[in-house]
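Coordinate inspection notes
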Amino acid sequence: MKRTAYVVLVLFLHVDLASASSAVSHMNCVRSVVSVDARHAQVLWDLYVPPGVIKIVLDGAGSFPVAIPPEQLWRVRTGGAQFHGNTLELAATGERRVQLVMDVHRNRTVPDRMYAPFFQFSDGTIAVLSTNFLVSKSSLVSLCVRYRAAPHDYVIGDGHAEQRVLSPPDSFRGYVAFGTPVIAKSGGLMVVVDRASPPWLRQTVVQSLQRIAQFYSARLGLATLPTVFIFSRNDDEAHNAVHGDTLPGSISLQFSGNEWRQPGPPAVEQAIGVAAHEFFHVWNGGSRADADSPETLLALEGGAEFARIAALSHLHNQGEQIVLDGVSRALNRCIAELPNHIPVASVLAVRPGSGPYDCGMPFMLAVTSAAGHMGREPISAFFAAWRRVLSSPSDLPYRWQTLLPANAPTRLREDFEHAIAQPDAFLTTLGAVLHSEGYALVPERNLSPDARWMLGARLMASLMAADCNGGISFWTRRPTGFELSKPLPQCGSLRPGAMLTAILGERPWVDPITLSHRVHETCAAQHHVTVKYVGDPAPARVDCAHGVPILSGPVRIDITPKDLGRE
């Protein structure tokens, strides 16, 4: 059976210098000690409960939601207690020790914008999320949490690596690791590395983050450098992907799949890019748990994506057109991924997916350029807008409206509201704003294979929405076709689980724009089209009485000559 690699990079941030003391502040609390049993892959949580305490209410899915409820995560080993929801109910006895056990032998896949309760490193190191040990605001008792290392091991978190006990401040929200990884310091960064992680990944991230930190600090002000944790996992569930999460005290970046074993150009670029994205959240507050409204997602995730390509441009000594090319690709993905006649704001509110990143990046270009009237200078305009926000009191979490100055014209604000709140308005309205700031949206004439597949998937989505009462659920499987989900309860004629390879006898990824005209006309005239499935020699009929729109081609954002744009 094929074995793949699962690599996770966690950056532990120590941002609040005033709370750097490791002493727990309050005295009237339940003493709580967290340790690990590496041999049995378990986290042990010992609670020393004083007399009179009969229940402890954990935060659960509160301010920083853990993906798994406490009652499913922990089992009671000793002490006569049991979970009911988030509440640990205790026997009414005198002072005693209650021990809870968490099984961590297998990493968990968690939903987007949720936090994994732990990570298991391949060298035996275990990282556990500190928010597992938060009590709810309704709890009548508090917890004094200390993390204790096994003999000859380290316990690492909140910018510290200790061989005995780690006592972070109450405000700490992040991961704490237990084990014997490699710990090194370089250029102000503490780097903690799983012994099985690819050396190139450690070297690339460390060297790049030092330069990225300097790049961001020079434009936004200083921030405390993080501690970097790099670790690997080998199993059969790993897929070639990268995923990042940010908490106030840590950033986790998950690199999964064999492509990370060797330092090929795409892997290096993606490793640096995802680190730059998450690192920008140190400044723009992307670690807040309440940062989930459409207005906030566009600013925080779109801002981090723009910062990512700006940082990569800086590292590679490239010009601003490279940044605009990256924004153009994001804009085209955004338009291709938007459901027909559904506003951007509605998509972000219900199922964000990649929308905050792909739609947020061009939106940030337009907002920050207009904020300072700095068209034709995308990088300078972006950091100037964020620097202004960070240097003055602002309500948190940041929203895209925060980036506009108080004296911004009402019409400009209305244009941005219109772009995200109205169906099919994002591209045209954003294009008009960009044009006024010295940019042009130029149609791309020669489509790359990636662009053809992207548009082919857009056509597939439109056809599926017409047949499935607006529902869309399939996977792009290059080079074969589109694999439909199973089951498809809303669909009238598409075949659940089938691999679709042709529409009206043509492969959708060859000439998707021309094909979309044919599909549009055929649906209008006949209310159905024919499709081809793998393994089925005869064409099948798919209903499309509600119509399928004609695709628009991708665009490229260029800087216009000064005599053609606004001065």
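Above this text is the structure in question.
Residues numbered from 1 in each chain as written. Predicted model: local features only at pLDDT ≥ 70, side-chain atom pairs only at ≥ 80, totals over all residues. Heavy atoms only, no water.

With that settled, the discussion passes to the overall build of the chain. Counting its secondary structure elements, the chain contains 13 helices and 27 strands. In the chain, buried positions account for 54% of the 567 residues. Of all intrachain contacts in the chain linking residues separated by at least 6 positions in sequence, the fraction that spans at least 24 positions is 68%. Only carbon and sulfur atoms are counted for the fraction: they give 52% of the accessible area of the chain, which is about 24700 Å². (Helix = DSSP H or I, 4+ residues; strand = E, 2+ residues; numbered from the N terminus. Buried < 20%, exposed > 50% of the residue type's maximum accessible area, 1.4 Å probe, protein only. Contact = heavy atoms within 4.5 Å. Areas by Shrake-Rupley, 256 points an atom, 1.4 Å probe, with all protein chains shown as cover.)

All chains considered together, the criterion is met by 29 aromatic pairs. Considering the side-chain rings of Trp-453 and Trp-509, the 4.2 Å spacing of their centres and the 10° angle between planes classify their relative orientation as stacked. With Trp-453 in helix α12 (residues 449–467) and Trp-509 in the loop between β24 (499–503) and α13 (512–526), the pair connects residues that are 56 residues apart, well separated along the chain. Using a relative accessible area of 11% as the deciding quantity, one classes Trp-509 as buried. Among the aromatic residues, those joined into a cluster by ring pairs are Phe-215, Tyr-216, Phe-279, Phe-280, Trp-283, Phe-306, Phe-382, Phe-383, Trp-386 and Tyr-398. Sitting over the ring of Tyr-48, Arg-31 keeps its end group 3.9 Å from the ring centre. (Phe/Tyr/Trp six-rings, centres within 6.5 Å; stacked < 30°, edge-to-face > 60°. Lys NZ or Arg CZ within 6 Å of the ring centre and 35° of its normal.)

Next up on the list: the side chain of Thr-246. Relative to the helices and strands, Thr-246 resides in strand β19 (residues 241–247). Thr-246 gets classed as buried once you look at its relative accessible area, which sits at 7%. In this structure the side chain of Thr-246 is engaged in a polar contact, spanning 2.3 Å, whose partner is the side chain of Glu-278. (Polar contact = N/O pair within 3.5 Å; in protein donor to acceptor, adjacent residues only side chain to side chain.)

A full pass over the atoms with the stated rule returns four disulfides. Linked covalently through their sulfurs, Cys-29 and Cys-144 form a disulfide whose S-S length is 1.5 Å. Its S-S torsion of about -80° marks the bond between Cys-29 and Cys-144 as left-handed, since a negative value means left-handed. Here the residue Cys-29 occupies a position in the loop between β1 (4–12) and β2 (30–37), and Cys-144 occupies one in strand β11 (residues 143–148), the gap between them amounting to 115 residues. Since its relative accessible area comes to 6%, Cys-144 is described here as buried. The residue that forms a disulfide with Cys-334 is Cys-359, at a sulfur-sulfur distance of 2.1 Å. Linking Cys-334 and Cys-359, the disulfide has an S-S dihedral of approximately 95° and is accordingly described as right-handed. Linking Cys-334 in helix α5 (residues 320–337) with Cys-359 in the loop between α7 (355–358) and α8 (360–372), this pair joins segments that are 25 residues apart in sequence. Across the pair, Cys-359 and Cys-334 agree in class, each one buried. (Disulfide = S-S within 2.5 Å.)

With that settled, the discussion passes to the nonpolar core. If you look at the biggest cluster of nonpolar residues, it comprises 82 residues, and the most contacted ones within it are Tyr-216, Phe-363, Trp-386, Trp-400, Phe-416 and Phe-426. Counting residues per element, this core draws most heavily on helix α4 (residues 294–315), which supplies eleven residues. If sequence neighbours within four positions are ignored, Phe-363 has contacts with Leu-298, Trp-400, Phe-416, Ile-420, Phe-426 and Leu-430. Residues Trp-45, Val-49, Leu-88 and Leu-143 belong to the second largest nonpolar core, which totals 36 residues. (Core = buried A, V, L, I, M, F, W, Y, C linked by side-chain atoms within 4.5 Å.)

It is worth spelling out unusual backbone geometry at this point. In the segment running from Arg-478 into Pro-479, the intervening peptide bond is cis, with an omega of 5°. Secondary-structure assignment places Pro-479 in the loop between β22 (474–477) and β23 (481–484). Note that the residue after Lys-486, namely Pro-487, is joined by a cis bond; omega there is 5°. Mapped onto the elements, Pro-487 comes out in the loop between β23 and β24. Its identity is not glycine, yet Ala-41 carries a phi of approximately 50°, on the positive side.

Locating Asp-153 in the fold gives a position in the loop between β11 and β12 (154–157). Arg-195 provides the closest opposite charge to the buried, salt-bridge-free Asp-153, at an N-O distance of 8.8 Å. If we ignore the near neighbours within four places in the chain, the residues touching Asp-153 are Glu-162, Gln-163, Gly-179 and Thr-180. (Lys, Arg positive; Asp, Glu negative; His and termini not counted. Salt bridge = Lys/Arg side-chain N within 4 Å of Asp/Glu carboxyl O.)

Mapped onto the fold, Ala-196 is located in the loop between β17 (189–193) and α2 (199–220). Sequence spacing of Ala-196 and Asp-123 is 73 residues, and the spatial spacing of their C-alpha atoms is 6.5 Å.

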